[in-house]
Amino acid sequence: MVILGIESSCDDTAAAVIKDRTLLSSVITNQDVHKQYGGVVPELASRAHQQNIIPVVDVALKNAGVRAEEVHAIAFTRGPGLLGSLLVGTSFAKGFALARNIPLIEVNHLQAHILVHFIQEIGQETKAPPFPFLCLLVSGGHTQLVRVDNYLTMKILGKTIDDAAGEAFDKSAKLLHLPYPGGPHIDKLALKGNPVRFEFNKPRIPGLDYSFSGLKTSFLYFLRDNLQADPDFVENNKADLAASLQRTIVEILVSKLKRAANETGIKDIALAGCVSANSGLRDTIILEGKKRGWNIYIPKFSYTTDNAAMIAITGSFKYMESNFSPMNIIPKARMDF
Ligand code: KG4
Ligand code: ZN
């Protein structure tokens, strides 16, 4: 069973080929055009997807050693994401399915982030979590605690009521004059800083939901007050500010994860999404895991960012259930599962 996966939800155009569960190729092009604007510009993203999609698929097939005629189904990201960007991938997938007369499979981008844990690579051992497991899914647009009962049966136990964890990193990084996206820059700076030097407000949200907008405001006011006394406050304390901010974000994320683990009794804990690349988050989860007897599953760095391997693996699970999509399917900017 050979599945071609297409991802175009934000600013990366990606294609991947999976045979059964084994990854044969994965190609991603990043769009540099957004850097100068300090964020993704949706219209520019759509145009870049248009330019990239055919060459990216071409290279993915070539790298996999697979001809277009050998693909059994095409899986694509239906949402959530930027509508114009999603449209490019959706239209391409429809055209490919129609031309080759093969099934079309819609994939939920968030579900796909979680299923990276089941991708196998040639010559490498995969340590996949057993069901049910808990997954902390953290990305630029989403922060969710998910109970995963099976490949395609998942329940969101909690999610952010405002900003995502990635946004908290990015918006705070902007205040520290770091380039976009700021998360990786904060991570790097934090390695050199004192994480307990500064305290910022943490939210008090009941249940398993998250909130990050208060932290952003607390950080903003803290900088404003200190800049009045010392105009070089940010420059002189950048590493400590980054480390203290990162510790706070990680503490917020992990406190609800602990609560979810206690409430469900589940000890298999996975991370997924772009922010799961964060070293502070990885180290803290590993430490908590040792203390609490959790089995921890952390994705490879290449699977934390948006990629099409995750779309292809999700497509392969749907293919096995003959869970196909009609030709009149339309992408969706917002989507839960
Ligand atoms: O590319 P992106 O928008 O994709 C998805 O949302 O799926 O996500 C990138 C997000 C940005 O918010 C970025 O700052 C964050 O992930 N990020 C990180 C790290 N690497 C990426 N945040 C903290 N630490 C990192 N190492
Ligand atoms: Zn994503």
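In the block above lies the structure referred to throughout.
Parameters and conventions
Residues numbered from 1 in each chain as written. Chains lettered and ligands numbered in written order. Predicted model: local features only at pLDDT ≥ 70, side-chain atom pairs only at ≥ 80, totals over all residues. Heavy atoms only, no water. Donors = N, O, S within 2.8 Å, 3.2 Å for Na, K, Ca; no water. Tetrahedral: all angles 85-135°; square planar, octahedral: opposite > 155°, others 65-115°. Buried < 20%, exposed > 50% of the residue type's maximum accessible area, 1.4 Å probe, protein only. Helix = DSSP H or I, 4+ residues; strand = E, 2+ residues; numbered from the N terminus. Pairing = 2+ DSSP bridges. Contact = heavy atoms within 4.5 Å. Axes fitted to C-alpha atoms, helices over the stretch in contact; angles between N-to-C directions. Parallel < 35°, antiparallel > 145°, perpendicular 65-115°, else oblique. Left-handed = near helix turned anticlockwise from the far one by under 90°. Nonpolar A, V, L, I, M, F, W, Y, C, P; charged D, E, K, R; others polar. Near = heavy atom within 4 Å. Polar contact = N/O pair within 3.5 Å; in protein donor to acceptor, adjacent residues only side chain to side chain.

1. Overview of the coordination of the zinc ion (ligand 2)
Now for step 1: For the zinc ion (ligand 2), the full set of protein donor atoms is His109 (NE2), His113 (NE2) and Asp306 (OD), at a range of 2.1 Å.
Now for step 2: Of note is the zinc ion (ligand 2), whose four donor atoms meet at the metal with angles of 90 to 142° in an arrangement that counts as irregular.

2. Points about the pairing of strand β7 (residues 133–138)
Now for step 1: With six of its six residues buried, β7 lies for the most part within the structure.
Now for step 2: Going residue by residue along β7, you find Phe133, Cys135 and Leu137 tucked away on one face and Leu134, Leu136 and Val138 tucked away on the opposite face as well.
Now for step 3: As defined by bridge partners, β7 adjoins strand β8 (residues 143–150) across six bridges and the pair is classed as antiparallel. Within β8, the position partnered with Leu136 by the bridge is Leu145.
Now for step 4: Linking β7 to β8, which pair antiparallel, is a turn of four residues.
Now for step 5: Strand direction decides the pairing type here: β7 and strand β10 (residues 268–272), joined by four bridges, are parallel. Pairing of Leu137 across the sheet is with Ala272, part of β10.

3. Comments concerning the sheet that holds strand β5 (residues 104–108)
Now for step 1: With respect to topology, six strands assemble into an open sheet ordered β5-β4-β1-β2-β3-β6, the strand pairing being mixed. Edge strands, defined here as strands with exactly one partner in the open sheet, are β5 and β6 (120–121).
Now for step 2: Together, β1 (2–7), β2 (12–19) and β3 (22–30) form the strand contacts of helix α1 (residues 42–64), whose direction differs from that of β2 by roughly 25°.
Now for step 3: Most of the contacts of helix α9 (residues 309–320) go to β1, to which it runs at about 135°, and overall it touches β1, β2, β3, β4 (73–79) and β5.

4. Examining the sheet that holds β10
Now for step 1: The five strands are arranged β9-β8-β7-β10-β11 in an open sheet whose pairing can be described as mixed. In the strand order of this sheet, the two ends are held by β9 (153–159) and β11 (295–297), each with one partner. Adjacent strand axes in the sheet meet at a mean angle of 25° when their direction is disregarded.
Now for step 2: Sitting on the sheet, helix α8 (residues 279–292) touches β7, β10 and β11, and the angle it makes with β10 is about 180°.

5. Quick notes on the packing of helix α6 (residues 213–229) against helix α7 (residues 233–264)
Now for step 1: Where α6 contacts α7, the axes come no closer than 12 Å and their chain directions differ by 160°. Relative to α7, the element α6 is oriented roughly antiparallel. Crossing geometry of α6 relative to α7 is assigned as right-handed. Contact with α6, carried on its side by Leu215, Phe219, Phe222, Leu223, Asn226 and Leu227, involves Phe233, Val234, Leu241, Leu245, Thr248, Ile249 and Ile252 of α7 and no other residues of that element.
Now for step 2: The residue makeup of the contact of α6 with α7, split by class, is 11 nonpolar, two polar and no charged.

6. Some points on the site of ligand 1
Now for step 1: Around ligand 1 lies a shell of 17 residues, among which Gly140, Asp170, Asp187, Asn278 and Asp306 are the nearest.
Now for step 2: At a separation of 2.9 Å, an oxygen atom of ligand 1 approaches a polar backbone atom of Gly140.
Now for step 3: In the environment of ligand 1, a nitrogen atom lies 2.9 Å from a nitrogen or oxygen atom belonging to the side chain of Asn278.
Now for step 4: Residue assignment for the shell around ligand 1 shows that the elements contributing at least two residues are α3 (109–114), α4 (165–175) and α5 (183–190).

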